[in-house]
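What follows is the residue order along each chain.
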Amino acid sequence: SHVPSCSLNALLTCSPAMDSAAGSLFGFPNPYLGLGAFPVVMTIGVLLLVVPGVALPRWFWRAFLAVATAGTGLVVFLVWTSVVELRALCPYCMVVWAATLPVWWYVLVRNVEGGFLGGSGASTVVRMRGWILAVLYVVLAAVVVVGLGPTLLATLG
């Protein structure tokens, strides 16, 4: 009979996400991943802001990108699960989606900018990084709106 604080209506509710198999992919609730990962990301951000001229090694940026890519892959899976299978949106999950996307994108841009990945097109990625991030957010919003169109209309109407 418990109603979580994140359950606002039939569309915006975290209960289906937490009750599903996708809500605890590794044998424990997925929010524990965020509780462990986001403080690390914040610590790295503070280090980069507070310590002037800090130069983290190439291996660090590549490892950070690998972890951020894995996290983003998990978010893509959870977006798909929410939109296609559960047909409900968890407000807290959406905050994580919105936060994970720029972390992954800007770590990727930093790797490209530092020449840690090789390849061409680096100047375009670096120069257009803000616009590309905006496009990624538009794609995310479009997936949600198109995937949940009938449910959105039913909830709003």
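As the structure is a prediction and not an experimental result, all values here were calculated from the model.

Here is what the cut-offs are and how they apply
- Residues numbered from 1 in each chain as written.
- Predicted model: local features only at pLDDT ≥ 70, side-chain atom pairs only at ≥ 80, totals over all residues.
- Heavy atoms only, no water.
- Disulfide = S-S within 2.5 Å.
- Helix = DSSP H or I, 4+ residues; strand = E, 2+ residues; numbered from the N terminus.
- Contact = heavy atoms within 4.5 Å.
- Phe/Tyr/Trp six-rings, centres within 6.5 Å; stacked < 30°, edge-to-face > 60°.
- Buried < 20%, exposed > 50% of the residue type's maximum accessible area, 1.4 Å probe, protein only.
- Core = buried A, V, L, I, M, F, W, Y, C linked by side-chain atoms within 4.5 Å.
- Patch = residues over 30% accessible without salt bridge, like charges linked within 9 Å, V, L, I, M, F, W, Y side chains within 5 Å.
- Areas by Shrake-Rupley, 256 points an atom, 1.4 Å probe, with all protein chains shown as cover.
- Salt bridge = Lys/Arg side-chain N within 4 Å of Asp/Glu carboxyl O.
- Axes fitted to C-alpha atoms, helices over the stretch in contact; angles between N-to-C directions.
- Left-handed = near helix turned anticlockwise from the far one by under 90°.
- Nonpolar A, V, L, I, M, F, W, Y, C, P; charged D, E, K, R; others polar.

(A) Examining the state of the cysteines more closely. In this structure the tally under the stated criterion is one disulfide. Disulfide pairing places Cys6 opposite Cys14 at an S-S distance of 1.6 Å.

(B) Summary view of the environment of Asn30. Within the element layout of this structure, Asn30 appears in the loop between helix H1 (15–19) and helix H2 (31–50). Taking the C-alpha atoms as reference points, Asn30 and Cys93, separated by 63 residues in sequence, lie 9.6 Å from one another. Residues contacting Asn30, with those up to four places away along its chain left out, are Ala22, Gly23, Ser24, Leu25 and Leu78.

(C) Looking closely at the packing of aromatic side chains. Per the stated rule, a full pass over the model turns up seven aromatic pairs. Arranged with centres 5.6 Å apart and planes meeting at 85°, the rings of Phe60 and Trp61 form a pair that is edge-to-face. For the ring pair Phe60 and Phe64, a centre distance of 5.8 Å and an interplane angle of 50° mean the geometry is tilted. Here Phe64 and Phe60 lie together in helix H3 (residues 58–86), a separation of four residues that amounts to about one turn. Judged by relative accessible area, which is 12%, Phe64 ranks as buried. Taken together, Trp59, Phe60, Trp61 and Phe64 form an aromatic cluster joined through their ring pairs.

(D) Here's a closer look at the nonpolar core. Core analysis: the largest hydrophobic core is formed by 17 residues, its most contacted members being Phe60, Trp61, Phe64, Trp104, Trp105 and Leu108. Per-element accounting of this core gives the leading share, seven residues, to helix H4 (residues 91–113). Beyond its immediate chain neighbours, meaning those up to four positions away, Trp104 contacts Leu65, Ala68, Thr69, Thr72 and Leu136. If you look at the next biggest cluster of nonpolar residues, it comprises twelve residues, including Val75, Leu78, Trp97 and Leu140.

(E) View of a nonpolar patch on the surface. Side chains of Leu25, Phe26, Phe28, Tyr32, Leu35 and Phe77 sit close together on the surface and give an oily, nonpolar patch of about 610 Å² of accessible area. Along the chain, Phe77 falls in helix H3. Taking the relative accessible area as the measure of exposure, Phe77 reaches 37% and is therefore partly exposed.

(F) Representation of the packing of H3 against H4 within the structure. Viewed as axis vectors pointing N to C, H3 and H4 meet at an angle of 145°, and their least axial separation amounts to 9 Å. The handedness of the crossing between H3 and H4 is left-handed. Where H3 approaches H4, its residues Trp61, Arg62, Phe64, Leu65, Ala68, Thr69, Gly71, Thr72, Val75, Leu78, Val79 and Ser82 are matched on the opposing element by Trp97, Thr100, Trp104, Val107, Leu108, Arg110 and Asn111. Across the contact of H3 with H4, the residue classes break down as eleven nonpolar, six polar and two charged.

(G) Local environment of the pattern of salt bridges. The final tally for this structure, using the stated rule, is one salt bridge. Between Glu113 and Arg129 there is a salt bridge, with its nearest N and O atoms 3.7 Å apart. Within this pair, whereas Glu113 is found in helix H4, its partner Arg129 is found in helix H6 (residues 129–147), the two being separated by 16 residues in sequence. Using a relative accessible area of 47% as the deciding quantity, one classes Glu113 as partly exposed.

(H) Summary view of unusual backbone geometry. Positive phi values are uncommon outside glycine, yet Arg87 reaches one of about 55°. With respect to the element layout, Arg87 can be found in the loop between H3 and H4. Its relative accessible area of 30% is what places Arg87 among the partly exposed residues.

Spatial relationships are all this shows, so hold off on functional conclusions.
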